[in-house]
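Chain and residue survey
If you want the building blocks of each chain, they are given just below.
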Amino acid sequence: MAKHMVKCLYCDSMFDANEEAFVKVGRRYAHQKCAEDHENNKTKEEKDKEALEKYILQLFNEDKINIKIKRQIKRYIEELNYTYSGILKALIYHYEVKNGDITKANNGIAIVEYVYKDAYNYYYSLWLANQKNEHKLIEQY
């Protein structure tokens with residue numbers, strides 16, 4: 001079989017894709033081990049960003065995030081000091097807890113600005129309730 005030389009996305013070394021285990025990352029190649037190491041070494045912020053992007057793609061039933069949403073996320077992070085996980089929780093709160101109408105979204109996530117504080121209070125109250133009842137046994141009631 002002919003050699004299929006490719007460059008690893010993570011370690012920048014050349015390898016034969018026909019000889020070694022690899023994964024495709026988009027249109028690029030990476031050693032399977034390098035990809036696993038990269039996945040394990042991601043920061044919490046990177047994981048939160050990926051989770052937010054995955055949710056947005058699912059929410060709008062799209063293949064990629066549009067530029068409008070990218071700008072909104074950037075503004076929320078830089079100007080309003082929101083977090084990726086906070087934005088995600090605000091979207092979940094609005095669309096799943098409060099049953100918000102996705103047709104009113106106009107292919108954007110502007111609603112985050114208006115529900116962020118309410119979502120924070122909602123999740124904080126859930127956390128407090130969990131902390132208060134953590135050591136109680138249901139059989140006692």
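Values in this document were obtained by computation on a predicted structure and should not be read as measured data. (Residues numbered from 1 in each chain as written. Predicted model: local features only at pLDDT ≥ 70, side-chain atom pairs only at ≥ 80, totals over all residues. Heavy atoms only, no water.)

1. Side note on the pairing of strand E4 (residues 28-31)
For clarity, the cut-off: Paired strands, in this sense, are two strands between which DSSP finds at least two bridges. Numbering of helices and strands starts at the N terminus; helices are DSSP runs of H or I of at least 4 residues and strands are runs of E of at least 2.
Relative to E4, strand E3 (residues 22-25) runs antiparallel, the two sharing 4 bridges. What sits directly across from Val 25, in E4, is Arg 28.

2. Topic: the packing of aromatic side chains
To keep it simple, the criterion reads: Here is the rule: rings of Phe, Tyr and Trp (six-membered ring for Trp) pair when centre to centre is within 6.5 Å. Planes less than 30 degrees apart are stacked, more than 60 are edge-to-face, and the remainder are tilted. To sort residues, take the accessible area from a 1.4 Å probe on protein chains only and compare it with the maximum for the residue type: under 20% means buried, over 50% means exposed, and anything in between is partly exposed. In this scheme, the term charge over a ring applies when either NZ of a lysine or CZ of an arginine sits within 6 Å of the ring centre and within 35 degrees of the ring normal.
Applying the stated criterion across every chain, the model contains 7 aromatic pairs. The interplanar angle of 35° and the centroid separation of 5.6 Å between the aromatic rings of Tyr 76 and Tyr 82 together place this pair among those described as tilted. Taken together, a centroid distance of 5.9 Å and an interplanar angle of 20° make the contact between Tyr 124 and Trp 127 stacked. Taken together, the positions of Tyr 124 and Trp 127, both in helix H5 (residues 111-133) and 3 residues apart, correspond to about one turn of that helix. Judged by its relative accessible area of 39%, Tyr 124 falls in the partly exposed class. Every member of this aromatic cluster is reached through a ring pair, and the members are Tyr 76, Tyr 82 and Tyr 116. The ring of Tyr 123 has Lys 89 lying over it, and the distance from NZ or CZ to the ring centre is 5.9 Å.

3. Some remarks on the layout of surface pockets
If a probe as big as a water molecule is rolled over the atoms, it shows which places are left empty. This is how the line gets drawn: Residues are said to line a cavity or pocket when one of their atoms sits within 4 Å of a point; the points come from a 1 Å grid over protein atoms alone, cavities being sets where a 1.4 Å probe fits but cannot get out and pockets being open sets with protein on both sides within 12 Å along at least five of seven lines. Grid points are joined across faces, edges and corners, and a volume is the space filled by probe spheres set on the points. Charged means Asp, Glu, Lys or Arg here, nonpolar means Ala, Val, Leu, Ile, Met, Phe, Trp, Tyr, Cys or Pro, and polar covers whatever is left, Gly included.
One number sums up the size of the largest pocket: a volume of about 180 Å³. In terms of lining, the largest pocket is formed by Thr 83, Ser 85, Gly 86, Lys 89, Ala 90, Tyr 116, Ala 119, Tyr 120, Tyr 123, Tyr 124 and Trp 127. Of all elements in the fold, only helix H4 (84-97) and H5 reach the threshold of two or more residues within the lining of the largest pocket. Top element by residues in the lining of the largest pocket is H5. It accounts for 6 residues. Counted by class, the lining of the largest pocket contains 7 nonpolar, 3 polar and 1 charged residues.

4. A look at unusual backbone geometry
Notably, Asp 12 is not glycine yet its phi reads approximately 60°, a positive angle. Tracing the sequence through the fold places Asp 12 in the loop between strand E1 (5-7) and strand E2 (14-16).

Keep in mind these values describe shape, not function.
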